[in-house]
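Structural overview
Chain by chain, the residues run as shown.
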Amino acid sequence: METLLQYIDGSLVEATTKDWIEVENPYTNEIISRVPKGDEKDADIALQAAKKAQPSWAAGTAPARAVYLKKMAQIIRDNRVELAQTLAREQAKIMPLAQVEIDVTAEYFDYYAGWARKYEGEIINSDRVNENIFLFQKPIGIVAGICPWNFPFFVMARKVAPALLTGCAIVIKPSSLTPNTTLAFAKLISDIGLPNGVVNFVTGGGKTLGNALVTHPITDMVSLTGSVEAGQDIIRASAEKVMKVSLELGGKAPAIVFDDADLDIAVKGVLDSRVIFSGQVCNCAERAYVQKGIYDAFLDKLVKAFKEVQYGDPFADPAPAMSTQVDKNQQAKIAGMVERAVAEGAEIAVGGKIPETASGYFFEPTVLLGAKQDSEIIQKEIFGPVLPIIPFTDFDEAIALANDCEYGLTSSVFSTNINTVLKAIKGLNFGETYVNREHFEGMQGFHAGWRKSGIGGADGRHGLMEYLQSQAAYIQF
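Residues numbered from 1 in each chain as written. Predicted model: local features only at pLDDT ≥ 70, side-chain atom pairs only at ≥ 80, totals over all residues. Heavy atoms only, no water.

1. Observations regarding the overall build of the protein chain
To keep things clear, this is the line we draw: Only runs of H or I of at least four residues qualify as helices and only runs of E of at least two qualify as strands under DSSP, and these elements are numbered from the N terminus. Our radius of gyration is a C-alpha quantity, and the globule rule it is checked against amounts to 2.2 Å times the number of residues to the power 0.38. The cut-offs for exposure are 20% and 50% of the maximum accessible area for each residue type, with area from a 1.4 Å probe on protein chains only; residues under the lower value are buried, those over the upper are exposed, and the others partly exposed. Two residues qualify as a contact provided that any one of their heavy atoms is within 4.5 Å of a heavy atom in the partner residue. Accessible surface area values rest on a Shrake-Rupley calculation with a 1.4 Å probe, where residue burial reflects the displayed protein chains alone. We score Asp and Glu as negative and Lys and Arg as positive, and we do not count His or the chain ends. By convention, charge coordinates are those of NZ in Lys, CZ in Arg, CG in Asp, or CD in Glu.
Along the protein chain, the regular secondary structure elements total 15 helices and 23 strands. Against the 2.2 N^0.38 benchmark of 23 Å for 477 residues, the protein chain shows a C-alpha radius of gyration of 23 Å, consistent with a compact globule. When the backbone C-alpha atoms are referred to their principal axes, the protein chain occupies close to 70 × 65 × 40 Å. The burial tally for the protein chain puts 57% of its 477 residues in the buried class. Partitioning the contacts of the protein chain with sequence separation of at least 6, the portion at a separation of at least 24 is 73%. Here the protein chain displays about 19,400 Å² of accessible surface, and carbon together with sulfur accounts for 51% of that area. The centroid of the 45 positive side-chain charges in the protein chain is displaced by 4 Å from the centroid of its 58 negative side-chain charges.

2. Structural notes on the sheet that holds strand β6 (residues 122-125)
Counted only if it meets this: Whether two strands pair comes down to DSSP finding at least two bridges between them. Interaxial angle, 0 to 180 degrees, is taken between N-to-C directions of lines fitted to C-alpha atoms, where a helix line uses only the stretch in contact.
Ordered in space as β6-β7-β23, the 3 strands form an open sheet in which the pairing is antiparallel. Strands with a single pairing partner mark the edges of an open sheet, and in this sheet they are β6 and β23 (468-476). In this sheet, adjacent strand axes meet at a mean angle of 25 degrees when their direction is disregarded. With 4 bridges connecting them, β6 and strand β7 (residues 131-139) associate as antiparallel partners. Following the sheet pairing, I123 is matched in β7 by F134.

3. Some points on the sheet that holds strand β5 (residues 30-36)
Two modes of strand pairing occur in sheets, parallel and antiparallel, and in both the strands are linked by backbone hydrogen bonds. Ordered in space as β1-β5-β4, the 3 strands form an open sheet in which the pairing is mixed. Every interior strand has two partners, whereas the edge strands, β1 (2-3) and β4 (20-25), have only one.

4. Observations regarding the pattern of salt bridges
Note the cut-off: Think of a salt bridge as a Lys or Arg side-chain nitrogen and an Asp or Glu carboxyl oxygen that are within 4 Å of each other.
Counted under the stated rule, the structure contains 18 salt bridges. Between R77 and D110 there is a salt bridge, and its shortest N-O distance comes to 2.8 Å. Pair noted here: R77 is in helix α2 (residues 62-78) and D110 is in helix α4 (residues 95-113), with a separation of 33 residues, a long-range link. In this structure, R274 and E286 form a salt bridge, with 3.7 Å as the shortest nitrogen-oxygen distance. Taken together, the residues R274 in helix α9 (residues 263-275) and E286 in strand β14 (residues 285-291) connect sequence positions 12 residues apart. Taken individually, R274 and E286 each receive the classification buried, so the pair is uniform in this respect.

5. Some details on the packing of helix α13 (residues 395-403) against helix α14 (residues 418-427)
Each pair of packed helices gets described by two things: the angle between the helix axes and the distance between those axes. For clarity, the threshold we go by: By convention the crossing between two helices is left-handed if the near helix lies anticlockwise of the far one by an angle smaller than a right angle, and right-handed if it lies clockwise. Each residue gets one label: Ala, Val, Leu, Ile, Met, Phe, Trp, Tyr, Cys and Pro are nonpolar, Asp, Glu, Lys and Arg are charged, and the others, such as Gly, are polar.
Here α13 crosses α14 at 35 degrees, and the two axes come no closer than 10 Å. Once α13 is placed against α14, the crossing between them reads as right-handed. Taken together, the residues of α14 that come into contact with α13 (itself represented by F395, I399 and N403) are T420, K423, A424 and G427. When its residues are assigned to classes, the contact of α13 with α14 shows 3 nonpolar, 3 polar and 1 charged.

6. Remarks on unusual backbone geometry
Residue P318 follows D317 across a cis peptide bond; omega there is 5 degrees. Position of P318 among the secondary structure elements: in the loop between α10 (295-307) and α11 (328-343). Backbone geometry places N29, a non-glycine residue, at a positive phi of 65 degrees. Among the secondary structure elements, N29 is positioned in the loop between β4 and β5. Within the chain, N436 stands out as a residue other than glycine whose phi angle is a positive 55 degrees. Structurally, N436 can be placed in the loop between β20 (432-435) and β21 (450-451).

Dropping the structure here:
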């Protein structure tokens, strides 16, 4: 069993509690590592280090800060296979997808390094003669970044890269389920010459360490990727300080298939958007609405495609399409939702149960028919390889059904009619809409949710601006 350490103020350290968290491989069910179980003291030490480091870090130039992002990108590429293997072991992510996450993370650091000479303030026209109004963009300060278990490495970079480039210092808390790859990265960057305290990695529980990071008086901003409940807790905890929060929370993405869609493209897009990482992606297609004229034909093709989905060892060659759920609790949650849906009248077209396997928290790729619009399986996030399908009659009904939920992260439309597509985009209340393709965003876009899916967002220029605050200067001459 491997022992991994926190990275605080430029040093690899244990937790002050001297306690440990054991990390399980969800495919083999073996304990593969232990990481420090940090608490309020660790949060304080890390935040104090960030506070000490941030002023001199911000006083430098963005191009100078970008040099370190490029070093991080290179060190990831130099260790890309080992990091992917670590990621696959700690969360049963199939190796091809794990390798994509590692490689895209390196690209992400390079992408934001490229913004060093691009982000800017403004000069605004004044009402007065001989006056200029300058709008400066300044770093927000000390950031607490709380990361999820599903894309732990990429989301870490999603917070670290824009924070560091803009002159912020950051403390990252990875999920206790999947901390290994992030801590391996922390060990690697300990030798790149990054000033002590600019970036720190601490591990521990959300209710102790996470809460301490959020409520600490030093913290100027919290960036969370996680559940709606976690986001609500952070909003409540941050209210007294009136502190900025950036939250990417849950999703319940609808996929709408109109009767003029290319069925093969639609089936592939919906399937790929449901089984990626065993359905454990916030922007996955969580429900499908199919127009009645093509419902039967679409369903025949989709059920066949679901039956052909292979699941198994994440290290197998060739790789299966998916592996296990991240832990037993996630597996039990999915099974419970399917059982309740069937009890309420839904029909299982394929899958629907926990398979008998020697090890691993598997759940079969599943298609459900006949679920009611107001049922749990339609309204609540499944986060597993389960897809309920509902037929619809016309355009207005499809948009109304799609918008009928408390989430607003991603959505998709399948149609060959540009008028239908543009009308649907206008009518959908979601931060992202994908057309005739799978749900997967680009780093140059803006990944942001509406309603209970979040506040603020990540990626691109708008994601960079999350870490900046404006200062207006009225200069009379």
